[in-house]
Amino acid sequence: MSESTDNTAPYTTVIGLEVHVQLLTKTKLFCSCENRFGAPPNTLTCPVCLGLPGSLPVMNREAFRLAVRAASALDCTIAEFTKWDRKNYFYPDLPKGYQISQFDLPFSEHGQLEAIDPKGGFAPRTVRILRVHLEEDAGKSMHDEAAGTADSRIDLNRTGTPLLEIVSQPDLRSAAEARCWLGELRLLLVYLGVSDCNMQEGSLRVDANVNLHIPRADGSLAKTPIVEIKNMNSFRSVERALTYEVARQYEEWQATGKELGSAPKQTRGWDDAAGITRGQRHKEESSDYRYFPEPDLVPVRLTADEIATIREGMPETPRALRQRLADTWNISAYDADVLVGQGRELVAYFEALAKLVDDGKVASNWMQQDVLRTLNDRGITIDAFPVPAEGLADVIGRVKKGDFDTSRGRDIFAEMINSGRSADEVVAEMGIAAVGEDELMTLCRELVAENPKIVADVQSGKQQAAGGLIGQAKKKNPNVNPGKVRELCLKIIGELPAP
Amino acid sequence: MQPTELSAIDLVAAVANGDLTAVECTQAALDRIDATDGQTNAFLHVDREGALTAAAAVDAKRAAGTPLGPLAGLPVGVKDALCTRDMPTTCASKMLEGYRPPYDADTVARLRAADAVIIGKTNMDEFAMGASNENSAFGPVRNPWDATRATGGSSGGSAACVAASMSTVSIGSDTGGSIRQPAGLCGVTGLKPTYGRVSRRGLVAFASSLDQIGPMGHSAADCGLVLETIAGHDPLDSTSLNEPVPRYTEMLEEPLAGIKIGRVPAHFGEGIDPEVAAAVEEGFRVLEAAGATIHDIDLPHAKYGVATYYLLAPSEASSNLARYDGVHYGHRTTEPCRSDAFDSPLVEMYCRSRAEGFGPEVKRRVMLGTYALSAGYYDAYYKRALQVRRLIRQDYLDAFSKVDLIGGPVSATPAFPLGEKTDDPLAMYLLDLYTVTTNLAGVSGISFPCGFTGSGLPIGYQLQAPALGEPLLLRAADRFQRLTEWHRRRPPSA
Amino acid sequence: MSLSRDDVAKVAALARLALSEDELEQMTRELSKIVGFVSLLEELDTSDVEPLAHPLGTTNVFREDEPAPSLPVELAIATAPKQDGECFLVPAVLGD
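Overview of the structure. A quick note: this is a predicted structure, and the numbers were derived from the prediction, not measured.

What counts and how
Residue positions are counted from 1 within each chain, in the order its sequence is given. Naming scheme: in the order in which they are written, chains are lettered from A and ligands are numbered from 1. Predicted model: local features are reported for residues with pLDDT of at least 70 only, side-chain atom pairs are reported and counted for 80 or more only, and whole-chain, interface and lining totals are derived from all residues. In this description a helix means any DSSP run of H or I spanning at least four residues, a strand means any run of E spanning at least two, and both kinds are numbered starting from the N terminus. Here the expected span of a helix is defined as 1.5 Å times the quantity of residues minus one. Three exposure classes are used. Buried residues have 20 or more other C-beta atoms within 10 Å of their own C-beta, exposed residues have 12 or fewer, and partly exposed residues fall in between, all C-beta atoms being placed from the backbone. Here contacts are defined at the residue level, using C-beta atoms placed from the backbone and a cut-off of 7 Å between them. Axis definition: a line fitted to C-alpha atoms, limited for helices to the stretch in contact. Angles are taken between N-to-C directions and run from 0 to 180 degrees. Oblique is the label for any angle not covered by the other classes, which are roughly parallel (under 35 degrees), roughly antiparallel (over 145) and roughly perpendicular (65 to 115). Charged means Asp, Glu, Lys or Arg here, nonpolar means Ala, Val, Leu, Ile, Met, Phe, Trp, Tyr, Cys or Pro, and polar covers whatever is left, Gly included. When DSSP finds two or more bridges between a pair of strands, those strands are recorded as paired. Think of a nonpolar core as buried Ala, Val, Leu, Ile, Met, Phe, Trp, Tyr and Cys residues, each tied to the set through C-beta atoms within 7 Å.

### Details of the overall build of chain B
Helix and strand content of chain B: 15 helices and 13 strands. By its C-alpha atoms, chain B is 70 × 55 × 45 Å across when sized along the principal axes.

### Concerning helix α11 (residues 360-373) of chain B
If you check α11 of chain B, its first and last C-alpha atoms are 20 Å apart, about what 14 residues at 1.5 Å a residue would give, namely 20 Å. Counting buried positions over the 14 residues of α11 of chain B gives twelve, a clear majority of the element. Among the residues of α11 of chain B, Glu361, Val362, Lys363, Arg365, Val366, Met367, Leu368, Gly369, Thr370, Tyr371, Ala372 and Leu373 of chain B are the ones counted as buried. Turning to α11 of chain B, the residues buried within the fold contact β17 (292-293) of chain A, α9 (305-320) and α12 (379-399) of chain B together with α1 (5-14) and α2 (21-38) of chain C.

### Remarks on the packing of α9 of chain B against α11 of chain B
Working note: a packed helix pair is described by the angle between its axes plus the distance between those axes. Residue and element names in this part refer to chain B. Viewed as axis vectors pointing N to C, α9 and α11 meet at an angle of 95°, and their least axial separation amounts to 7 Å. Comparing the axis directions of α9 and α11 gives the class roughly perpendicular. Here Leu311, Pro314, Ser315, Ala317 and Ser318 of α9 come into contact with α11, specifically with Arg365, Val366, Leu368, Gly369, Thr370, Ala372 and Leu373. Residue composition of the contact of α9 with α11, by class: seven nonpolar, four polar and one charged.

### Focus: the pairing of strand β1 (residues 12-22) of chain A
Residues and elements named next belong to chain A. Most of β1 sits out of view: nine of its eleven residues are buried. In terms of strand pairing, β1 meets strand β11 (residues 162-168) through five bridges, oriented antiparallel. By the bridge assignment, glutamine 22 is partnered in β11 with leucine 163.

### Some thoughts on the nonpolar core
Grouped together as the largest cluster of nonpolar side chains are 265 residues, with contacts concentrated most on Ala67, Ala70 and Ala178 of chain A together with Val76, Val117 and Met367 of chain B. Top contributing element to this core by residue count: helix α2 (residues 175-191) of chain A, with nine residues. Among the nonpolar cores identified, the runner-up in size contains 32 residues, and Trp329, Leu346, Val357 and Phe404 of chain A belong to it.

### Notes on the interface of chain C and chain B
On the side of chain B, 53 residues touch chain C, which itself brings 40 residues to the contact. For the side of chain C that touches chain B, the secondary-structure elements that each account for two or more residues are α1, α2 and β2 (88-91) of chain C. The element that contributes the greatest number of residues to the side of chain C that touches chain B is α2 of chain C, accounting for seven residues. For the side of chain C that touches chain B, the residue count by class is 32 nonpolar, three polar and five charged.

All quantities given are derived from atomic positions and should not be read as evidence of function.
Written as structure tokens, this is what we have:
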């Protein structure tokens, strides 16, 4: 058993996650209704997803393709033969009275995904993936207590949406690891174009299974009953819920000593406002889903060649991309992580920039500070960013050349962003002109003449005193390059007759 | 000649060359229904207005010189298990009383596109579960040959409306014999195509891996004509076969010389009515006269067919019928739903709605299927049945490597009195003895009249062919019908 | 093979069917008889036999990812026993 991340805790936290993601297809899994969030209730339905008598499902080719792509990126084995099964249960948001899912022959299994904390908060954690399978989503039931009715309202727009179910082994050892792993999974699926993983819109949903392994004084291991936590609506909630639940389980175990197997698996709902998990009503039957092969769908056979083609045709994964950026542009793992975390388009911008200025580190700094800040402030993505990579490269080039210093360059860039104008235009507008050699010489001589005390300090060995001249230089002419001013002033002072 | 006395082929030709109008044909059928169906109860819904409008449209089309569809003017009765947008679709159940689907079944759409005239929806055993049409929530169908007797089922209404000349042809569905057996008991011809030959889209599902829609008429040729229209690939049915549809009616001429027909001695064991056995044996002689040779064969696992079927079909049905829960369509209880006997008002609503909406046979099969699939029983029952299914299919593959067709009885008895078997569900299930294996193996089968009992009840003969063997099946049946007159007899009231 | 009344009651709950005491008794008798009959299959040795779920063995049937019009909402909920113009209505769903 791997060690707990928190070495001070008297127990090991054991967490497994079950993630459902909606696929980015145009249509639903078994019918041609649009796969779209936010439409008015029951406006995206047809006989198939309504489960009307006589309706039949037909598999969406693109959904299957995206599913195989996702599972391949998660290092899963893709099955050469897969089939679908009916999971039978009664619920108003499940119009057929069964969900078409996969039971004993899912299309993929036995993969893995690593959780790596770029800040080093925990050692890299490899989480094994038990299986990934393809199934349909159910509808939504809404209950409005305030409306004073005893009825629930059923909206079936969501029925039939393609879902990938990703089940991890219980390899996570802390709430922080879980959050990080989810972030990694989300990034991967977004990069692959498989899902937009938007928890607010329900295109990514998480349930967590957690229990504790507590070493007893005699060396044996006590295991608390496994709890399934539902109703977590953000990655932050997942972390908070798990943190809370772990503490709660330990307290409960200390008080009652109840262990795994003493009662059926419990389900608890996370209440984000109250910051606690609550036991949910125990279901009257530990559901017997009576799985059997779906007779309305035929199985899918894939040849080894077809599977290989899908694997090879995959876009670069975040993990591969991080490594490549760090290697190619000589930037830190942290920087690579930040850039990759922003998405493929931003990485493309960065790479274009880095190539133009031939300096990965400088490019990375400008990306993280100026570009990202603007994107965040304005709530836009890189494709809406007003200055192309060439424009920023232009500014950086001029700073390197010495036309102006970095902080001036930032001002220029900010104005380019606001006005949409080129570097040339902004520089001209702001009256920034490169200060000519003669002009600079004149100015420096003036400074030296005006600052006898500083001169005296420098002459007595305090070179750094020259820095005091820079502020005055800027006042005289804001376009001066501070570095050049310093250099020149020192030179001039050096040529003065010794005191 | 009366339109109701014409074959489908002749009627369609008469409409095409103007000897008859579509309206005349439809009106004749409607008149016949008015005269006869009060007693027979073959129709659950007659669409007088819609049918006459459709017929008038066909006549207008002809008058305008627009090419007519291959079934132009043909009156068709459609089993109430197929969705029709403009007519109720009840499956003869209180659960779907008054239900109107927002779409047409693929078969219905094809019939309309072929300019056929759908005159109404025919009675059936509730949700296609039965072999006597006594399980209808809207009264049994009476056999046109003897009103005190059952028609067989579940496509009893479809068989009876053709037998009584209320409709030239009809559409039924067959899951374990539900076209072939009532055809046999009503003296008409009925075809169960190869699984996947006709789209199941819009057929209210009973047992999805066994159900097939098929034509019924007075002759194999008429069945072939209808099959040409309703067969074909449907991309919206994943189990639909992507194979070209032959022109069946143009493939009937070749004699049967060289064709080998299998005879299963076990079919003639204990339990078969002697008059039926005699007529079926005579049927083999007719086929010999047509040029075929008869060979004894064995289907070793056929005796497990009924047990296999009565595990698989109810299991699939228990799942297919879960959607009838009173939430989105169909019957919802009006009881208050506040009792403590249930876990919640919602659960009570489900339980009461379904108990009120389903008849006893449907409940029995839903219970049986739920049990067979439930935890702990799946391997012993459902999975085992799927394994035996493979053995049964292998029997057919082996048999068809030796013979081209398999002949024999379609029912052990002729039409039985209404009420005779309703107290013993198991006895009713055993009526499917000769027909279930066709569905389990996914192959094709046809039944047609081969004689009558001393008391004037029809006796049916069944031929089975390999998958996609409809051309040979229809040809052999057609040959039989050129050499015999059984299929031309009509009930006394006709 | 005999089913007990309790077995049958459990199945009825699973199948969401309300059965009266009399119906439960009758169903127990009938199902026991039928299950006894289908147990005939135990005679066969099926240990090496692959289950046959689809009679004709087709595979790989797909549909292209192109949208088609959905039903208008009026038609979608037209058949509902209870609706409010937008949604299907049911007695309160617990655990929401």
